[in-house]
Amino acid sequence: MGRLFKTYLNGPNIFCCVNCKTHLTLHEQLISKQFQGRHGTAFLFGDCVNVSVGPSEDRTLTTGMHIVADISCIDCGDILGWKYEFAKEESQKYKVGKYILEKAKIQKEVHFGDPHHMTMTLDNSVLY
């Protein structure tokens, strides 16, 4: 196995893997909080880093049939959500190329301009 190269994001609000704290995406990439994942609430993001994309498969979701691929953290391997590869219905095509991250699988790091930042779970409890 080779060396793992990760992308480190810079910004005031960074979403990370809840298990290993690997950076995944910035708050500016958040499109919607109105999605449902396998484990409850999920968020739609425009772009993600440090994920591996699995094989594409047909999946019936609440909004119809889609072709999606599960995404996993490149560090710990935890499945975080999925990437939309294809939408069969015209009204759902805006999702193609975007990412679902499940709320239970991510947390937000909040940076206030100093090197000592805090990490917040998505229910707003603070971790130092």
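Residues numbered from 1 in each chain as written. Predicted model: local features only at pLDDT ≥ 70, side-chain atom pairs only at ≥ 80, totals over all residues. Heavy atoms only, no water.

- As named in an unreviewed UniProt entry, the protein chain is Protein yippee-like, taken from Dictyostelium purpureum.
- In its Sequence similarities (unreviewed entry) section, the UniProt entry covering the protein chain states "Belongs to the yippee family." (UniProt positions renumbered as here; feature names shortened; annotations may be inferred.)

### A short note on the overall build of the protein chain
At step 1: A count of helices and strands for the protein chain gives 0 helices and 11 strands.
At step 2: A burial count over the protein chain gives 43% of its 128 residues as buried.
At step 3: Considering only contacts in the protein chain between residues 6 or more positions apart, those separated by 24 or more positions represent 43%. (Helix = DSSP H or I, 4+ residues; strand = E, 2+ residues; numbered from the N terminus. Buried < 20%, exposed > 50% of the residue type's maximum accessible area, 1.4 Å probe, protein only. Contact = heavy atoms within 4.5 Å.)

### Quick word on the environment of Val 96
At step 1: Along the polypeptide, Val 96 turns up in the loop between β7 (79-87) and β8 (99-102).
At step 2: The exposure class of Val 96 is partly exposed, given its relative accessible area of 35%.
At step 3: Setting aside its immediate chain neighbours within four residues, Val 96 contacts Tyr 84, Glu 85, Phe 86 and Ala 87.

### Observations concerning the pairing of strand β3 (residues 30-37)
At step 1: Judged from the 5 bridges that link them, β3 and strand β4 (residues 40-45) form a sheet pairing that is antiparallel. In the sheet register, Gln 36 faces β4, and the bridge partner there is Thr 41.
At step 2: Where β3 hands over to β4, the hairpin turn is made up of 2 residues, counted between the paired strands. (Pairing = 2+ DSSP bridges.)

### A word on the nonpolar core
At step 1: Ranked by internal contacts, the top residues of the largest apolar core, which has 14 residues, are Leu 24, Phe 45, Cys 48, Val 51, Leu 80, Leu 101 and Ile 106.
At step 2: Elements supplying a minimum of two residues to this core: β1 (13-17), β4, β6 (64-73) and β8.
At step 3: Excluding residues that lie within four positions of it along the chain, Val 51 makes contacts with Leu 24, Ile 71, Ser 72, Ile 74, Leu 80 and Tyr 99.
At step 4: With 8 residues, the next largest nonpolar core counts Ala 42, Leu 44, Leu 61 and Ile 100 among its residues. (Core = buried A, V, L, I, M, F, W, Y, C linked by side-chain atoms within 4.5 Å.)

### Digging into the sheet that holds β4
At step 1: Strands sit in the order β3-β4-β8-β7-β6-β5 across an open sheet of 6 strands; the sheet is antiparallel. Each end of this open sheet is capped by a strand with a single partner; those strands are β3 and β5 (51-61). The average angle at which neighbouring strand axes cross in this sheet is 30°, direction not considered.
At step 2: Summarising the sheet, β5 and β6 pair through 9 bridges and their orientation is antiparallel. (Axes fitted to C-alpha atoms, helices over the stretch in contact; angles between N-to-C directions.)

### Section: the environment of Ala 104
At step 1: Here Ala 104 is to be found in the loop between β8 and β9 (106-110).
At step 2: Separated by 62 residues in sequence, Ala 104 and Ala 42 place their C-alpha atoms 8.1 Å apart.
At step 3: Non-local contacts of Ala 104, meaning those with residues more than four positions away in its chain, are made with Val 18 and His 39.

### Thoughts on the state of the cysteines
At step 1: Using the criterion set out here, one finds 0 disulfides in the structure.
At step 2: Left without a disulfide partner, Cys 73 is nearest to the cysteine sulfur of Cys 20, which lies 3.4 Å away. (Disulfide = S-S within 2.5 Å.)

### Details of the pattern of salt bridges
At step 1: The tally for this structure, following the rule as stated, stands at 5 salt bridges.
At step 2: Note that Arg 38 and Asp 70 form a salt bridge whose closest N and O atoms lie 3.0 Å from each other. Here Arg 38, found in the loop between β3 and β4, pairs with Asp 70, found in strand β6; they are 32 residues apart in sequence, far enough to count as distant.
At step 3: Asp 70 is the partner of Arg 59 in a salt bridge, and the nearest nitrogen-oxygen pair spans 2.9 Å. Of this pair, Arg 59 sits in strand β5 while Asp 70 sits in strand β6, placing them 11 residues apart in sequence. With respect to class, Arg 59 is no different from Asp 70; both count as buried. (Salt bridge = Lys/Arg side-chain N within 4 Å of Asp/Glu carboxyl O.)

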